[in-house]
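Here is what each chain is made of, one letter per residue.
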Amino acid sequence: MTRLVIVDDDALVRTGLRLILGGEADLELVGEAADGRQAMGVIRELRPDVVLMDIRMPHQDGLVTTELLLSWPNPPRILVLTTFDADDMVLRALQLGADGFLLKDTPPPQMIEAVRTVARGEPVLSPSVARQVIAAATGGAEPQRRQAEAELARLTEREREVAVEVARGSSNAEIAERLYMSVATVKANITRIFTKLETDNRVHVAIKVRDAGLL
């Protein structure tokens, strides 16, 4: 059972998420909060596995709240929710260590699967906004193709295929299905990719793939 807390200043959004997630047998909605300050107390008391975190809220936004939560021992997984598909605050949240992001209008089945994916410890990069976030990360500048190509040349052909799927926002399970691999093999490939690119961040991998012109 995955325990969830929803943090959003919009009561209608909280109601919608409650309806989407509340009917799943493996998900338990244990609490809600209307802003970051309130969320700190709720999360400290209830110790959820996953927090669905709105990024823009009064009193204390999702960015500050994410940073504070991730400084705790054994923090919850954090799935950032945003209305905007190119929100620089989302990129900052990912840099701070959030486990992924989704648009608030993500279809319910994808929202549910994203929560499950994050609960398993796998990052989620919503395909519908991955390109915009990657572009924001590079500041809109002309891609540094040669540097990216040189870094990706360290990868085997199979690792490059996995890296491209990561850049597309695919989960480990989706990569396994598309490339006819086991999930364990996908994880092993991603570990090697991180080592060779000297990162532990899927966003960084996605940026390199984009800069090299592979998307």
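Attention now moves to the side chain of Asn 189. Mapped onto the elements, Asn 189 comes out in helix α10 (residues 183-197). Judged by relative accessible area, which is 3%, Asn 189 ranks as buried. At a separation of 3.1 Å, a polar atom in the side chain of Asn 189 contacts the side chain of Arg 192. Residue contacts for Asn 189: discarding those within four places in its chain leaves Arg 158, Glu 159, Val 162 and Met 181.

With that settled, the discussion passes to the side chain of Ser 170. Position of Ser 170 relative to the elements: it lies in the loop between α8 (157-167) and α9 (172-179). For Ser 170, a relative accessible area of 2% corresponds to the buried category. Of the polar contacts made by the side chain of Ser 170, one reaches the side chain of Glu 165; its length is 2.9 Å. Polar contacts involving the side chain of Ser 170 include one to the side chain of Arg 178, which spans 2.4 Å.

Along strand β5 (residues 100-103), one buried face is formed by Gly 100 and Leu 102 and the opposite face, lined by Phe 101 and Leu 103, is buried too. Pairing of strand β4 (residues 77-82) with β5, which is carried by 4 bridges, proceeds in the parallel orientation. Counterpart to Val 80 in the pairing with β5 is Phe 101. Regarding topology, helix α5 (residues 108-119) serves as the crossover connection from β5 to the parallel strand β6 (residues 124-125), and that connection is left-handed.

Angle between the axes and distance between the axes are the two parameters that describe a pair of packed helices. Contact geometry of helix α7 (residues 145-152) with helix α11 (residues 202-211) gives a least axis separation of 8 Å together with a crossing angle of 120°. When the axes of α7 and α11 are compared, the pair comes out oblique. In this structure, α7 meets α11 at a crossing whose hand is left-handed. Contact residues: α7 offers Arg 145, Gln 147, Ala 148, Glu 151 and Leu 152, while α11 offers His 204, Lys 208, Val 209 and Asp 211.

The rules behind each value
Residues numbered from 1 in each chain as written. Predicted model: local features only at pLDDT ≥ 70, side-chain atom pairs only at ≥ 80, totals over all residues. Heavy atoms only, no water. Helix = DSSP H or I, 4+ residues; strand = E, 2+ residues; numbered from the N terminus. Buried < 20%, exposed > 50% of the residue type's maximum accessible area, 1.4 Å probe, protein only. Polar contact = N/O pair within 3.5 Å; in protein donor to acceptor, adjacent residues only side chain to side chain. Contact = heavy atoms within 4.5 Å. Pairing = 2+ DSSP bridges. Right-handed = clockwise from strand over helix to strand, strands pointing away. Axes fitted to C-alpha atoms, helices over the stretch in contact; angles between N-to-C directions. Parallel < 35°, antiparallel > 145°, perpendicular 65-115°, else oblique. Left-handed = near helix turned anticlockwise from the far one by under 90°.

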